[in-house]
Structure formats: C-alpha cells, structure tokens
Amino acid sequence: MSEFETLTVDVNGFPTRIWRKGSGPMLGFLAGYGGLPRWMPFLDELAKTRTLIVPSLPGFPGGDRGHTILDTHLDWLLAVRDTLDKAGLAGADLAASSVGASLAADVAALWPHMVRKLALIAPFGLFDEKNPPTDPWAQRGDAVPGLMCADPDIWKAMKAMPEGANSIEWPIEQVRANEAAARIFWPLGNTRIEKRLRLIKAPTLLLWGEQDKIMPRNYAEIFAKGITGPTTTKIVAGAGHLAEHDRPAEVAGEIVAFLS
Amino acid sequence: MKLMWFHLMPYTELPEDFREANPSVWVDIHSSLFDPKRAHLMYNDFMDELEYAAEVGFDAVCVNEHHSNGYGLMPSPNLIASSLARRTRDTAICVMGNSLALYNPPTRVAEEFAMIDCISGGRLIAGFPVGTPMDTCYAYGTNPSQLRQRYMEAHDLVIRAWTEKETFAFNGRFNQQRYVNIWPRPVQNPHPPIWVPGGGSVETWHWCAEMNYVYCYLSYYGYKAGRATMDGFWAEMDRLGKDRNPYQAGFLQFIGVAESRQQAFDLYGEAAEYFYGRCLHVDPKWATPPGYTSEGSQRAGIESQVKQAADSAVRGKSTGERFAAVARDMDAIVDNGYVIIGSPDEVAEQLREVATQLNVGHLMLLLQFGNMSKELTRYNTKLFAEQVMPKLKDVHASWTDHWWPKPMDVSQRAEIPAYMPKLAAE
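Because the structure is a prediction, the values reported are computed rather than measured.

Scoring rules and cut-offs
Going along each chain's sequence as written, the residues are numbered from 1 onward. Chains and ligands are labelled by the order in which they are written, letters from A for the one and numbers from 1 for the other. Owing to the predicted nature of the model, reporting of local features is limited to residues with pLDDT of at least 70; listing and counting of side-chain atom pairs is limited to 80 or more, with chain, interface and lining totals taken over all residues. Labels follow the DSSP assignment, with helices taken as runs of H or I lasting at least four residues and strands as runs of E lasting at least two, numbered in each case from the N terminus. As a reference, a globule follows 2.2 Å times the number of residues to the power 0.38, and the radius of gyration itself is taken over C-alpha atoms. Buried means a residue has 20 or more other C-beta atoms within 10 Å of its own C-beta, exposed means 12 or fewer, and partly exposed covers the counts in between; C-beta atoms are placed from the backbone. With C-beta atoms placed from the backbone, a contact is any residue pair whose C-beta atoms sit within 7 Å. In this analysis, the expected span of each helix is defined as 1.5 Å times one less than the number of residues it contains. Strand pairing is assigned whenever DSSP detects at least two bridges linking the two strands. Here, the term right-handed applies to a crossover whose path from the first strand over the helix to the second runs clockwise when the strands point away from the viewer. Polar here means any residue other than Ala, Val, Leu, Ile, Met, Phe, Trp, Tyr, Cys and Pro, which are nonpolar, and Asp, Glu, Lys and Arg, which are charged; Gly is therefore polar. Along the arc lie the directions from the helix axis toward the C-beta atoms. The nonpolar core criterion groups buried Ala, Val, Leu, Ile, Met, Phe, Trp, Tyr and Cys residues into a set whenever they are joined through C-beta atoms within 7 Å.

Visitor: Is there a simple way to think about the overall build of chain B in this case?
Guide: A tally of regular secondary structure across chain B gives 14 helices and 11 strands. Relative to the compact-globule value of 22 Å for 426 residues, chain B shows a C-alpha radius of gyration of 21 Å, a close match. Counting only C-alpha atoms, chain B reaches 70 × 60 × 50 Å along its principal axes. Burial analysis of chain B (426 residues in total) assigns 54% to the buried set. In chain B, 79% of the contacts between residues at least 6 apart in sequence involve partners at least 24 apart.

Visitor: I would appreciate a short explanation of unusual backbone geometry in the present structure.
Guide: For residues that are not glycine, phi is negative in most cases, and the peptide bond is trans in most cases. Residue and element names in this part refer to chain B. For the bond from M96 to G97, the omega torsion is 5 degrees, close enough to zero to count as cis. Summarising the element assignment, G97 is placed in the loop between β3 (92–95) and α4 (107–120). In the segment running from N189 into P190, the intervening peptide bond is cis, with an omega of 5 degrees. Structurally, P190 can be placed in the loop between β6 (176–180) and β7 (194–198). Even without being a glycine, N212 presents a positive backbone phi close to 65 degrees.

Visitor: Sorry, what's going on with the environment of L100(B) here?
Guide: Residue and element names in this part refer to chain B. On the secondary structure map, L100 appears in the loop between β3 and α4. Overall, L100 belongs to the buried group, with 24 C-beta atoms counted inside 10 Å. Through-space distance from the C-alpha of L100 to that of A414 is 30 Å; in sequence the pair is 314 residues apart. Ignoring any residue separated from it by four or fewer positions in sequence, one finds L100 in contact with P106, V109, F128, Y151, A154, H155 and V158.

Visitor: Before we go on, may I ask you to explain helix α6 (residues 169–185) of chain A in this structure?
Guide: One turn of the α-helix equals 3.6 residues, which is why residues spaced by three or four share an orientation. Along its 17 residues, α6(A) runs 24 Å from first to last C-alpha, staying within 8% of the 24 Å computed at 1.5 Å per residue. Tucked into the core, α6(A) has its buried residues touching α2 (73–86) and α3 (98–110) of chain A.

Visitor: What exactly am I supposed to notice about the pairing of strand β6 (residues 115–121) of chain A here?
Guide: Looking along a regular strand, one sees the side chains alternate between the two faces of the sheet. Residue and element names in this part refer to chain A. Of all 7 residues in β6, 6 are buried; the element is thus mostly enclosed. Across 5 bridges, strand β5 (residues 92–97) lies against β6 in parallel orientation. Opposite L94, over in β6, you have L118 as the bridge partner. In terms of handedness, the path from β5 via α3 over to β6 forms a crossover that is right-handed. Of the strand pairs in this sheet, β6 and strand β7 (residues 204–209) are connected by 4 bridges, and their pairing is parallel.

Visitor: Help me understand the interface of chain B and chain A, please; the structure alone is not making it clear to me.
Guide: Interface size is often expressed as the accessible area that is lost when the parts come together. Between chain B and chain A, the contact holds 19 residues from the first and 16 residues from the second. With 5 residues, helix α10 (residues 295–306) of chain B is the largest single contributor of residues to the side of chain B that touches chain A. Residues belonging to the side of chain B that touches chain A are distributed by class as follows: 8 nonpolar, 6 polar and 5 charged.

Visitor: I'm lost on helix α7 (residues 202–211) of chain B in this one. Help?
Guide: Residues and elements named next belong to chain B. Buried within α7 are the following residues: T204, W205, C208 and A209. Each buried residue of α7 sits inside an arc of 130 degrees when the element is viewed along its axis, so together they form one side. Exposed side chains of α7 directed beyond 90 degrees from the buried face belong to E210 and M211. Residues of α7 that are buried in the fold lie against β7, β8 (214–217) and α8 (222–239).

Visitor: Honestly, the environment of W162(B) in this entry has me stumped. Any pointers?
Guide: Residue and element names in this part refer to chain B. Relative to the helices and strands, W162 is located in helix α6 (residues 147–163). Classification of W162 as buried rests on a count of 23 C-beta atoms within 10 Å. It is 9.3 Å that separates the C-alpha atoms of W162 and P184, two residues lying 22 residues apart in sequence.

Visitor: Just to check I follow, could you spell out the nonpolar core for this structure?
Guide: Within soluble globular proteins, side chains that are nonpolar generally end up buried alongside one another. Residue and element names in this part refer to chain B. Among the nonpolar cores identified, the biggest contains 128 residues, and M4, V61 and I93 are the most heavily contacted of them. In terms of residue count, the dominant contributor to this core is helix α9 (residues 261–279) (8 residues). What V61 contacts, discounting residues up to four positions off in sequence, is W5, L50, A53, A54, L84, T88, T91, I93 and C94.

Right, here's the structure in full:
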C-alpha cells in the first residue's frame, strides 16, 4: 500500500504538491479541515479502482503559503480551478471534504464543465443562526481532535510529527492549515454558497458523518434542495466531521459506487 | 524622562467568584455582570482620575482600546481623549491607540485623531496597535489571516490622509476610496508622533526601527519579564545601526506607592489580586486565532522554547496564552515584578533601574488598577507626583525626545473656561 507519486506544479507562483496513485478513471480529492499533512488510508481505498489525484490547496499542507495572496472568495475559486487544471483534473470526477468540499461545490457551480460527478463530505459554506456550525477556530487545543474525528486519536495521528520531520516547520505548517481555512471562511463559515447551489448541474453525492460535531447534519438537506443536479445523501455511521478518516473504507466505498 | 499616567478603565465590580463562575473576562463576558448605572459612576471616577493626574504634573495621560472586555471599558478611547483635550491644558494626550484594521474605512482614525489634535492644540500621541486576538478577531470578527495585511494597509492610508495636500484615490487590497481628503487636518506637522504597542514580535521591532516610530511594550508582567522583549528591540535597532535613544521606547508598569513597602503591600494587594485574578481570566479558546501570530514569531517562539530562553514564556505567545500563565497572589505579583511597590524612595530606585536597564524613556504607569478606589488612586497618584517624580526627572536627560507632541504655542491656544457647576441656589 501507499506507493504514490508526488509531483509539484506552480499555482500563482507557489509550489503545490500533487499526489497520484492507482489506475482507472481519474478522480480528484480535495482535503478537509487541517489538510493532508501525510498520506492517509482513505486515499489508498480510493486508489484501488481509480487514478486518484490529490492536489493541495493554497496554505494547506503541500500548498506552501499560497493563501497569503488570496483576498476574496473569487481569488480562492480561481486558485482552486487553476490547481485542478494543473493537476489534470478538468472534467474529472471530484470528491472533497469539509472546507475543500465547499470550494469543490463552488467550482462545479461556476465552471460546470470542470466536474463530471461530485462527492461532498460535510461541506462548509452555510450558516444557519438557529443551528450554527461549531466555531473551529475558537477551541481549546485539546478539544479539536474530538471535534474533527469521531475517534480523536485518528486526528492526533494524522497531525503527529513524523520521525525526521523539521520540528519547527511541522507545527507551523499545521497552524497554517487552520489559517488557510480561516482565510476562506472566517468568521462564520458562510460564503453564501446557498445562492450558487442552483448552478450545480453535476450529479452529487452528499456524505455526512453521523457524529459530525462541526457541521450540522441537516445542512445536507439545504445542499440537496439547492443543487439542480440529482443528489443522493448518505449518513456514515461511526464517523465525525472528517468522515473519510474515521471510516475510510465505507466512505470510499460510497464514493466509488456513486461514481460508477 | 517622561512619566505618563495610563488608565485601562477596568470594571471594578466583578464578583468575587468571577473566575470560578465565568469562562472569560473577554469576548463572551456576560452582560448581566454589567450595571450601566454603576458604570456611570466608574467612567466619571476614571475621568476624574485622569484629569487629576494631569493636574499634579504627569507628562501625559494615556487611554487605550478594548472590545467586549471586563477590564477595559474603552471601545472608543477617542471619546475619552476628546474630553481630556478640554479638561487638561499642557499634558500630552496619548491614545494607545486605535486598532487600525478595525476601522472601516481606516480614514476614520485619521479624522478622529486630527480632531483630537486640533481640539487639544497639538497634544496628541497617535498609537497604532494591531489589537489583541480577542478584540480584533473575535469581538470584531476580523479575519486573523488578513489582520496584519489590513493593519499595514490602513497605516499607509492614514499617513497619506494626514500628509497629502490634494484629494487622492486610494487603491488598496482591502480599502478602495475614490476621494480621500480628510477635514480636519492635524495641528502637528506632518502628523502626531506615532507609537506602536507590540507584543515582542520580530517584525514589529524591525518596523518601528525602520519607520522611526516609538516601540512600546505594554505588558502586565512588569520589568523582569519585559527585559528580554526590550532587549530584542534594542538588538534590532543596533543591527540596523540606529541610535539607542531611550525615547524611542515605551514601557508599561504597575505602581503602588505608600509610606513603606509593607504599607504598600497592604494597601494595593486587593486591587492587584483583583486585576491578575479576575481581569486576566480569559478563556484559552480565545488565545490563538490561526494567522494572528506571524510565522516568523511562531518560529522564534518555538526556537525560544527549545533553547529555554529567558523570554520563552512570552515569545511567540498570544495575549491569552500569557494571561493563562500569570501569578495571582500578591506575594508572587510583587516577587515577579508585575507591580512595583514601596516607599517613594524604593519605587523611585526601582523605576530608575527599569528605565536604565530597559533603556526606556517613556514609562506608562498604571497607578489605578483592578478595583482600586478613587481615593486610593488619588493617594497613589499624588504621592508619586510629589515624591517619586522629582527623583526621576534627570534620567535620560542627555537625550532628546523626538517623539513627543509639539503643541501650538500657549499664546495661540483657545481659552478654555473653567468648569463651573451651577449652584443649586441659582
């Protein structure tokens, strides 16, 4: 497992990491809150039947400091589109989680030809005053793992510094991932994506961890109702906000089945 | 040297069990703890205290900006400063300051500071803080990832608004204004002196040194903890080949003067413990909005911890993180140097050491803190003015303060009628 290729492309002048593994039809994946500081089992699952391509987003691990020049939501969407283009993902299937899922949905709305089928895991982008998302940026440090994953140890293991990593730069990179998410979504997470959902024509799978403590589960209904293309909603048992890390085989299985 | 009287305007009636019963003094402090009728009395006491400090001869009176904060009741320090401009005559008015990124458009700061400078006849010191995470990112919702970029841009806009003679268009990343042309313009030419309060980041030292601004370390942890930060600033000044003029630095210090050290300990203990216990009780969840601390400062912080350097408790730490580690009983408060206490001679001696060792020409003194009463504040202020101040006037006398306001000549200034309350019989 886990033999993957690492490529680097230039996005807005910043070196951007692209991971690639597997064979078969192309599938892109955009990571959720915290990004992908290391390769994760969920990616192996997707790569079993697909050519999996995982580009990093600006500011997230592998995305350098690309977030620092993105000031508006349009700046972000153009950067994501550019990243997908350079990763060779134009017109391919696209799966995405959490903060990445919100951006993937926006790309599918604005540039319909960029995405064939869309799989979204608990996307950011909405804010309902009566049922608000949890504020991920106003948390005591020890609370974060349990908010992101149903099993906090999975988050901790993903974020733990690997042997041989730079002990100063590694923690800074993890803070940067949180900053990049904040740069897009601060303070409420509301990008007013609700207004753009009708532009999404791609068939869309909505996945939500049953124990998601960040994004209220009934937001799935707002996405499903707003998206013009056909939608399917699945709740993943035993999973938290980053359902793909809590239940890699189940989440990958749902995505692959939906795309086939 | 300059001795400046600083007020934070703390709410003085937080309940005794505040720490235990409430998550935070800042951001989500509960509104039920705020009694506006009591605050009426507090504000008026505080303004009396500032006016009294001016009357007894402090070089400046200082106010600052906080939001949703139980120890800082000045969301708008400019309101207090404008009143002080009328009720003081020769004292400098230090607004420490306006958090530039929070003003939309930032030309509001240029305008209001120009107003205060005009009303006061050129006595304003213009403070430009970035602002704490609690004030900026949480209470005001500013994006932590953009805060510093917005701050720098707002700074450039304010300076241009003060100095350019013609109406101009400002085409910034975050601010676009087609017609910038502020009225009024500041009395001081080209503009009031600019002071920057910083928390010890390398970037701020460098920026103050390059821009020729006063660097101020407004810490609540006294001179012992402040030493490493001020040393860092002077090291940066040395590196850039700049003068070690102590007037390019400011430092905040809590003070309690009495007849003797023991009397000071007894008199000020309650107020100090109120401040360090209740006022600095901030929920750690407000400590570190990602992006607030620059990567350079994070790096310096991690390196400092690895080396267990003297400043590892503060370097790269946010305001909230520093608060969490604070000492709260009077013995430790005094031992750590948070509050300097003693007889006038003892306080003068310690302050001389602080001013010399930290190489600071502007001492911003908190002689009211916590729930200190008006009476005790007056006593502390008077004793300091009469018996400590004269002993310190010679410190740094060989240097020139290039960063002090240059007011209009007294002969040109308005006659301000003395405040005369109507007699009840009239």
